[in-house]
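# Geometric and topological summary
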Amino acid sequence: MTREGTILMVDDDHASLKRLTDILTTEGYAVQPAAGGELALASIEANTPDLVLMEARMPSIDGLEVFRQLRAREETRSVPVIFMSAAAEVSDLVEGLKLGALDFISKPFKTEELLARVASRLELHRTRESLHDSEERLSLFAEQSRTFIWECDSEGLFTYVSPTSLSILGYPPEELVGKKTFYDLHPETGREVFKAAA
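What counts and what doesn't
Residues numbered from 1 in each chain as written. Predicted model: local features only at pLDDT ≥ 70, side-chain atom pairs only at ≥ 80, totals over all residues. Heavy atoms only, no water. Axes fitted to C-alpha atoms, helices over the stretch in contact; angles between N-to-C directions. Helix = DSSP H or I, 4+ residues; strand = E, 2+ residues; numbered from the N terminus. Left-handed = near helix turned anticlockwise from the far one by under 90°. Contact = heavy atoms within 4.5 Å. Nonpolar A, V, L, I, M, F, W, Y, C, P; charged D, E, K, R; others polar. Pairing = 2+ DSSP bridges. Polar contact = N/O pair within 3.5 Å; in protein donor to acceptor, adjacent residues only side chain to side chain.

## What about the packing of helix α1 (residues 14-26) against helix α5 (residues 111-144)?
At a minimum axis distance of 11 Å, the contact between α1 and α5 shows a crossing angle of 65°. Seen along the crossing, α1 lies across α5 with a hand that is right-handed. Residues R19, L20, I23 and L24 of α1 pack against T111, L114, L115 and V118 of α5. For the contact of α1 with α5, the residue count by class is six nonpolar, one polar and one charged.

## Topic: the sheet that holds strand β2 (residues 30-34)
Pairing within the open sheet is parallel, and its five strands lie in the order β2-β1-β3-β4-β5. Looking at which strands have only one partner, the edges of the open sheet turn out to be β2 and β5 (103-107). If you compare each strand with its neighbour and ignore which way they point, the axes differ by 20° on average. As paired strands, strand β1 (residues 6-10) and strand β3 (residues 51-55) are joined by four bridges and run parallel to one another. Residue L8 lies in a different strand from β3, and its bridge partner there is V52.

## Topic: the side chain of E55
Mapped onto the fold, E55 is located in strand β3. Among the polar contacts listed, one links the side chain of E55 to the side chain of K107, at a separation of 2.7 Å.

Have a look at this one:
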């Protein structure tokens with residue numbers, strides 16, 4: 001069975017790296033093994049993974065530093081990271097979570113737990129990416145539409161106004177956002193304008 005998702009597996013312990021790579025490969029994931037922080041960064045540069053499963057403590061460049069560098073780059077900022085570490089290294093895991101890592105797995109780990117966390121994080125990542133793509137398409141549609149498109153919050157304040165507001169109403173979007181629909185602009189004719197635009 002082949003699963004969607006490329007996982008960058010980072011661990012300086014070669015036996016652990018091999019075991020984890022074997023487990024994930026057997027489950028059908030494409031795995032990029034990296035035996036340390038330097039190799040992880042080089043691997044990410046060559047091929048951005050869908051998920052990083054990484055030991056927190058490693059010599060030279062540790063997992064926390066790799067994580068900081070991932071978050072510093074636009075193209076890898078949203079890649080989910082799961083840290084692994086021995087129970088005695090909880091402070092590293094807390095630091096990773098503070099930096100924005102999604103999860104951690106304590107060593108020694110249970111295979112079922114590892115696979116469940118990997119699957120759920122990959123699914124969440126795919127869902128977020130899909131939502132982001134949908135938002136971009138909707139934004140592009142709204143920006144290019146000849147129709148006046150707007151969005152209001154629960155108090156009736158404009159939170160979004162399409163660029164056509166200038167040609168239709170005579171006001172650029174930035175003058176309308178934060179205003180209470182059309183009533184702030186023309187209280188006496190706002191009701192008629194709102195009805196005509198709807």
